[in-house]
Amino acid sequence: MTLLVTGGAGFIGANFVLDWLDARPEAIINLDKLTYAGNPETLARLQGDARHQLVPGDIGDSALVGRLLAEHRPRAVVNFAAESHVDRSIHGPGAFIETNIVGTFRLLEAVRAYWTDLPEAEQTAFRFLHVSTDEVYGSLTRGDPAFAETNRYEPNSPYSASKAASDHLVRAWHHTYGLPVLTTNCSNNYGPYHFPEKLIPLMIVNALAGKPLPVYGDGMQIRDWLYVKDHCSAIRRVLEAGRLGETYNVGGWNEKPNIEIVHTICQLLDELRPKADGSSYANQITHVTDRPGHDRRYAIDARKLEAELGWKPAETFETGIRKTVEWYLANPDWVAHVQSGAYRDWVSQNYAERAT
Ligand code: NAD
Ligand code: TYD
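Rules used throughout
Residues numbered from 1 in each chain as written. Chains lettered and ligands numbered in written order. Predicted model: local features only at pLDDT ≥ 70, side-chain atom pairs only at ≥ 80, totals over all residues. Heavy atoms only, no water. Axes fitted to C-alpha atoms, helices over the stretch in contact; angles between N-to-C directions. Helix = DSSP H or I, 4+ residues; strand = E, 2+ residues; numbered from the N terminus. Parallel < 35°, antiparallel > 145°, perpendicular 65-115°, else oblique. Left-handed = near helix turned anticlockwise from the far one by under 90°. Contact = heavy atoms within 4.5 Å. Nonpolar A, V, L, I, M, F, W, Y, C, P; charged D, E, K, R; others polar. Near = heavy atom within 4 Å. Polar contact = N/O pair within 3.5 Å; in protein donor to acceptor, adjacent residues only side chain to side chain. Areas by Shrake-Rupley, 256 points an atom, 1.4 Å probe, with all protein chains shown as cover. Pairing = 2+ DSSP bridges.

J.: For this particular structure, what's the right way to read the packing of helix α7 (residues 199-208) against helix α9 (residues 258-272)?
T.: Two quantities define a packed helix pair, namely the angle between the axes and the distance from one axis to the other. α9 packs onto α7 with a crossing angle of 40 degrees between their chain directions and a minimal axis gap of 10 Å. It follows from the interaxial angle that α7 and α9 lie oblique. Here α7 and α9 pass one another in a crossing that is right-handed. Mapping the contact onto sequence places Leu199, Ile200, Met203, Ile204, Ala207 and Leu208 in α7 and Asn258, Ile261, Val262, Ile265 and Leu269 in α9. Classifying every residue of the contact of α7 with α9 by side-chain character gives 10 nonpolar, one polar and no charged.

Given below as structure tokens:
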């Protein structure tokens, strides 16, 4: 038995691959384009493990995907591959359209061709799980109920619009062709191996480097944080028992304003890696020009997943953020290696133009 995972050298995909192979004998073929966000070093401890094969390539390469499916005959495809950073989608939406929409379309077509020709028992057991985001639902105001699976799609950024389009394609391939799909819409993840362009790892690495901690606008935007390993356990559970054609919202009931997240990180660093002069990392906090079209609040109602499939997150925000800060302190080499010239170019492009 084999799984085809796409985007498994990125943050969530790599955590999924590592956790899966820690617990199960089933092999993984890992198709990843190795963009700036894909990092084989994250998978280094799998070197020599015959159950894992990293294949550099694009989900939009129909010939390659078709060949991988024919050769390895996976019982499921888990699609993590995407362009995933909102700020990059504002600077350059093209790659988001190409991978998240056109790439998902091509992947679905290659999988449909493979699935159609499977013997009946394998066809019945097959699953295509599409990993998506809560950002497709748009932005909440303070008193609004959290996003349920029935919420209308109202994406506001090029990123969320491209993910919304991919969700619609996945849905249509089920309704039109009968492809056995499952979709998960998750809130903001955090944890080990998170690329330091996103809020939590960026604040940790900037704090340790003595750099400013750039909070967009008033910092009162709310996100609903989920420890990445809890997201991975939810995906495993949906893959195992989710109802075909259904979507499941995944979240940890951890709504927090950004400024509170940044203060929590500073407090943990003050405790775990105190500065020589005794001052707090919080002195590095700087408010900078806001993101255009910045969604004010996301919140996930995860009751369907909890009630139907019995899933529960293992971490609270307090335990998860402590583990995360400890991980970054213990892995300075991984952090140093991802801060390449291309990373520094992105940081200067995104932050140089933001007034403080
Ligand atoms: P990431 O940017 O860290 O990783 C994405 C991976 O996909 C990278 O390894 C990259 O090389 C690969 N990739 C990009 N384009 C590709 C292509 N055309 N073909 C093959 N591989 C390609 O992203 P992530 O944070 O790990 O997110 C994974 C998935 O989860 C995405 O679909 C994202 O939309 C979704 N998601 C992320 C979050 C979050 O908080 N990070 C929350 C909810 C949903
Ligand atoms: P991010 O990690 O980019 O995730 P998303 O935009 O997909 O939710 O950002 C999380 C929140 O943190 C978002 O409200 C934007 C904010 N943010 C900052 O305030 N400063 C930063 O430097 C970054 C990267 C994000």
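J.: Before we go on, may I ask you to explain the site of ligand 1 in this structure?
T.: As a structural note, the neighbourhood of ligand 1 is formed by 28 residues, with Ile12, Asp32, Ser84, Tyr159 and Lys163 the closest of them. Aspartate 58 places a side-chain nitrogen or oxygen 2.9 Å from a nitrogen atom of ligand 1. Tyrosine 159 places a side-chain nitrogen or oxygen 2.7 Å from an oxygen atom of ligand 1. Alone, ligand 1 offers 840 Å² of accessible surface; in the complex the protein occludes 97% of this. Of all the secondary structure elements, the ones that give two or more residues to the shell around ligand 1 are α1 (11-23), β5 (127-133) and α6 (158-177). In terms of residue count, β5 provides more of the shell around ligand 1 than any other element does, three residues in total. Each residue belonging to the shell around ligand 1 can be placed in one class, and the counts come to 12 nonpolar, 12 polar and four charged.

J.: What am I meant to see in the sheet that holds β5 here?
T.: Neighbouring strands of a sheet are bound in pairs by backbone hydrogen bonds; such pairs are parallel or else antiparallel. If you walk across this open sheet you meet the seven strands as β3-β2-β1-β4-β5-β6-β11, and the pairing is parallel. If you trace the sheet from one side to the other, it starts and ends with β3 (52-56) and β11 (247-250), each paired once. This sheet shows a mean twist of 20 degrees between the axes of neighbouring strands, independent of strand direction. Taken together, the four bridges between strand β6 (residues 181-186) and β11 define a ladder with parallel strand orientation. In the strand pairing of β11, asparagine 185 is matched with asparagine 249.

Everything listed here is a matter of coordinates, which is why it stays silent on function.
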